[in-house]
Amino acid sequence: MTNTARFFRRQWKGYIFLIPIFLVLGTFKYIPFFNAVKMSFYNWNGANVKEFVGFDNFVRLFQDDTFYTSLKNIGIFTASGVLIQLTVPLLAAVLVFHVKQLKLQNLLKVWFVVPLVIPSIVIYLTWQWIFAGEYGVLNQLLEQLGLESWTHAWLGESKTAIWSIVFVNFPWIGGITFLLYLAGLMSIPSELFEVAKLDGMNAWQRFIRLELPLVRSQVKLVMVLTIINQIQSFENVLVLTNGGPGDKTITPALYLYTKGFSYSEMGYASAIGLVLFVILLLLTLINNKFVKNTDKID
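Residues numbered from 1 in each chain as written. Predicted model: local features only at pLDDT ≥ 70, side-chain atom pairs only at ≥ 80, totals over all residues. Heavy atoms only, no water.

K.L.:
Kindly report on the packing of helix H6 (residues 102-113) against helix H10 (residues 175-186), identifying the contributing residues and their values.
P.N.:
Where H6 contacts H10, the two axes come as close as 8 Å, and the packing angle between them is 145°. In this structure, H6 uses Lys109, Phe112 and Val113 to contact H10, whose residues at the interface are Gly175, Phe178, Leu179 and Leu182. Class assignment for the residues of the contact of H6 with H10 results in 5 nonpolar, 1 polar and 1 charged. (Axes fitted to C-alpha atoms, helices over the stretch in contact; angles between N-to-C directions. Helix = DSSP H or I, 4+ residues; strand = E, 2+ residues; numbered from the N terminus. Contact = heavy atoms within 4.5 Å. Nonpolar A, V, L, I, M, F, W, Y, C, P; charged D, E, K, R; others polar.)

Below, the structure written as structure tokens:
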């Protein structure tokens, strides 16, 4: 009997408790996924029309100008999202970590984490109100400052709509990302900070030579999560612009949603979803290959 067989023979009772989890995952994750893969080869309206068309949906997709526009837009959202999440929350976590007063440090932690309990739809509606045209908060503020020439229909003009969406959630310190970085900093042995102090490192040198190399695992995880969230998300665009003006802010996920539920082209929507899955898989593999984990500390 192999070591693996002996292990499972001793631990089989514990693995019984995993069966409900596997059943739920199979029912609500894997079965719909493989069904979507199958339906991407059909002309299917989600109900009674189901005609096998082979790769026609994919041929049509790669000739679809709107899909390429959505890829360009999601490229902007993803690049800006990665840049923001790798800088602002990390700097905030470093600053909070080095606060000497424990009460103040705990207060700052709560301050950054509380927004996690606010529903995202509330945040998007708030920003929609801020960016509104004539009576929006931002335009009203600019008028009060005598900067009327700077006012815009921020979400209604093609030149400003996509960057207005990028600006949503300013100052961009997401609670989960902040906590990941803070946990990484807290796992660094205190002896290393003492050595850095004895070596005369200033705050910038300590960040570059000590803290940043030792939170690489968190940076890698944040990159993966940000890429996945940005490519999959469509709620922000749906609420703020619905892909407009025209298709200037449309994303692949919103395009999938529109084709599937507004035009009942479920087969075509499944093809879009499968392409998105392949893109996400490739980006994740590239990230895992080229972004290193934190070196082990003995």
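The structure having been displayed, the exposition proceeds.
K.L.:
With reference to specific residues and values, describe the pattern of salt bridges.
P.N.:
As enumerated under the stated definition, the model contains 3 salt bridges in all. A salt bridge links Arg206 to Glu211, with the nearest nitrogen and oxygen atoms 3.3 Å apart. Residue Lys259 pairs with Glu265 through a salt bridge whose shortest N-O separation is 3.9 Å. Within the structure, one salt-bridge network assembled from shared partners comprises Arg60, Lys259 and Glu265. (Salt bridge = Lys/Arg side-chain N within 4 Å of Asp/Glu carboxyl O.)

K.L.:
Account for the packing of aromatic side chains, naming residues and giving values.
P.N.:
The tally for this structure, following the rule as stated, stands at 15 aromatic pairs. Taking 5.3 Å as the distance between ring centres and 90° as the angle between the ring planes, the aromatic pair formed by Phe41 and Phe55 counts as edge-to-face. Highlighted residues: Phe41 in the loop between helix H2 (19-39) and strand E1 (42-44) and Phe55 in the loop between strand E2 (50-52) and helix H3 (56-61), separated in sequence by 14 residues. For Phe55, a relative accessible area of 57% corresponds to the exposed category. Among the aromatic side chains, those forming a connected cluster through ring pairs are Trp127, Phe131, Phe167 and Phe170. Looking at Arg60, its charged tip hangs above the ring of Tyr268, at a distance of 3.8 Å from the centre. Positioned over the ring face of Tyr263 is Lys259, at 5.2 Å from the centre of the ring. (Phe/Tyr/Trp six-rings, centres within 6.5 Å; stacked < 30°, edge-to-face > 60°. Buried < 20%, exposed > 50% of the residue type's maximum accessible area, 1.4 Å probe, protein only. Lys NZ or Arg CZ within 6 Å of the ring centre and 35° of its normal.)

K.L.:
Outline the confidence of the model for the chain, supporting the account with residue identities and numerical values.
P.N.:
Low pLDDT marks regions whose predicted coordinates should not be analysed in detail. In the predicted model, the chain carries a mean pLDDT of 87, and the fraction of residues at 70 or more is 96%. Taken element by element, the chain is modelled with least confidence in helix H1 (residues 3-16), mean pLDDT 72, and with most confidence in H3, mean pLDDT 94. (pLDDT = per-residue confidence, 0-100.)

K.L.:
Pulling in residues and values, what's your account of the packing of H2 against helix H16 (residues 266-290)?
P.N.:
Across the interface, H2 lies against H16 with an axial gap of 8 Å and an inter-helix angle of 115°. In this structure, the crossing between H2 and H16 has a hand that is left-handed. Listed contacts from H16 to Phe33, Ala36, Val37 and Met39 of H2 are Gly267, Ser270, Leu274 and Phe277. Of the residues contributing to the contact of H2 with H16, the split by class is 6 nonpolar, 2 polar and no charged. (Left-handed = near helix turned anticlockwise from the far one by under 90°.)

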